[in-house]
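# Report on the structure
The lines below spell out each chain.
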Amino acid sequence: MDWKRKLREEGYIELDGLRIELSLDNTFLDIDYIPRVLVYAEETGRWHVLRNPIPKGKTLEEGWDNAVEVLDAIARGEVKPDLGEPSVEMRLVNVLRKLNGRP
C-alpha cells in the first residue's frame with residue numbers, strides 16, 4: 001500500500017524506529033482543530049511535533065491531506081523538516097525517502 005494512503009487511512013506509519021502520526025491540535029483553544037504531524041523517535045524516547053506550516057483545509061480531511069503533502073514535499077527534498085532535533089529530522093528525511101523508493 002502507498003505510504004501516503006496508509007497514513008491517511010490508518011493515521012500512522014512506522015519504519016526504522018520512527019512512528020509518524022497524524023494528530024489534531026487546538027492548543028490555542030481555537031474553535032477549529034488544526035492538523036499536526038507527530039514523530040516518535042525510539043532514539044530519543046520522545047514525541048516530536050513537526051513545526052513546518054501545514055495549510056489549513058476547509059475540512060479536517062483536507063487538512064490531513066495537506067499534512068501528508070508537507071511530508072511528501074520533505075520526502076522529495078523540497079522542504080526541510082523542523083522538529084527541533086537535527087538527528088531526528090535527518091532520520092525522518094531518510095525514512096520518507098525510503099518510503100518513496102529513493103536512497
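Everything that follows concerns the structure shown earlier in this document.
Residues numbered from 1 in each chain as written. Predicted model: local features only at pLDDT ≥ 70, side-chain atom pairs only at ≥ 80, totals over all residues. Heavy atoms only, no water.

### Points about the sheet that holds strand S1 (residues 12-15)
Pairing between the strands of a sheet comes from backbone hydrogen bonds, and it takes one of two forms, parallel or antiparallel. One open sheet holds the 4 strands; their spatial order is S1-S2-S3-S4, and the pairing between them is antiparallel. Two strands lie at the open edges of the sheet, namely S1 and strand S4 (46-49), each paired on one side alone. Strand after strand, the sheet turns through a mean of 30° between neighbouring axes, direction not considered. For strand S2 (residues 18-25) and strand S3 (residues 34-41), the ladder comprises 8 bridges, and the chain directions are antiparallel. (Pairing = 2+ DSSP bridges. Helix = DSSP H or I, 4+ residues; strand = E, 2+ residues; numbered from the N terminus. Axes fitted to C-alpha atoms, helices over the stretch in contact; angles between N-to-C directions.)

### Observations concerning the pairing of S1
A regular strand places its side chains on the two faces of the sheet in alternate fashion. The pairing of S1 with S2 spans 4 bridges and is antiparallel. Bridging from a neighbouring strand, Leu 15 pairs with Leu 18 of S2. Counted between consecutive antiparallel strands, the loop separating S1 from S2 contains 2 residues, among which Asp 16 sits at a positive phi close to 50°.

### Some remarks on helix H3 (residues 86-99)
End to end, H3 covers 20 Å across 14 residues, agreeing with the expected 20 Å (1.5 Å per residue, within 8%). Looking only at H3, the buried set comprises Val 88, Glu 89, Leu 92, Val 93, Val 95 and Leu 96. The buried side chains of H3 occupy one side of the element, clustering within an arc of 165° when seen end-on. Projecting away from the buried face of H3 at angles above 90 degrees are the exposed residues Pro 86 and Met 90. Positioned one or two residues after H3, Gly 101 has a phi angle of 80°, which is positive. (Expected span 1.5 Å × (residues − 1). Buried < 20%, exposed > 50% of the residue type's maximum accessible area, 1.4 Å probe, protein only. Arc of directions from axis to C-beta.)

### Quick notes on the packing of aromatic side chains
Per the stated rule, a full pass over the model turns up 1 aromatic pair. Note that Arg 19 overlies the ring of Tyr 12, its terminal NZ or CZ placed 3.8 Å from the centroid. (Phe/Tyr/Trp six-rings, centres within 6.5 Å; stacked < 30°, edge-to-face > 60°. Lys NZ or Arg CZ within 6 Å of the ring centre and 35° of its normal.)

### A word on the nonpolar core
Formed by 23 residues in total, the largest nonpolar core has its most connected members in Ile 20, Val 37, Leu 50, Leu 71, Leu 92 and Leu 96. At the level of secondary structure, the elements contributing two or more residues to this core comprise helix H1 (3-10), S2, S3, helix H2 (60-75) and H3. Top element by residues in this core is H2. It accounts for 6 residues. (Core = buried A, V, L, I, M, F, W, Y, C linked by side-chain atoms within 4.5 Å.)

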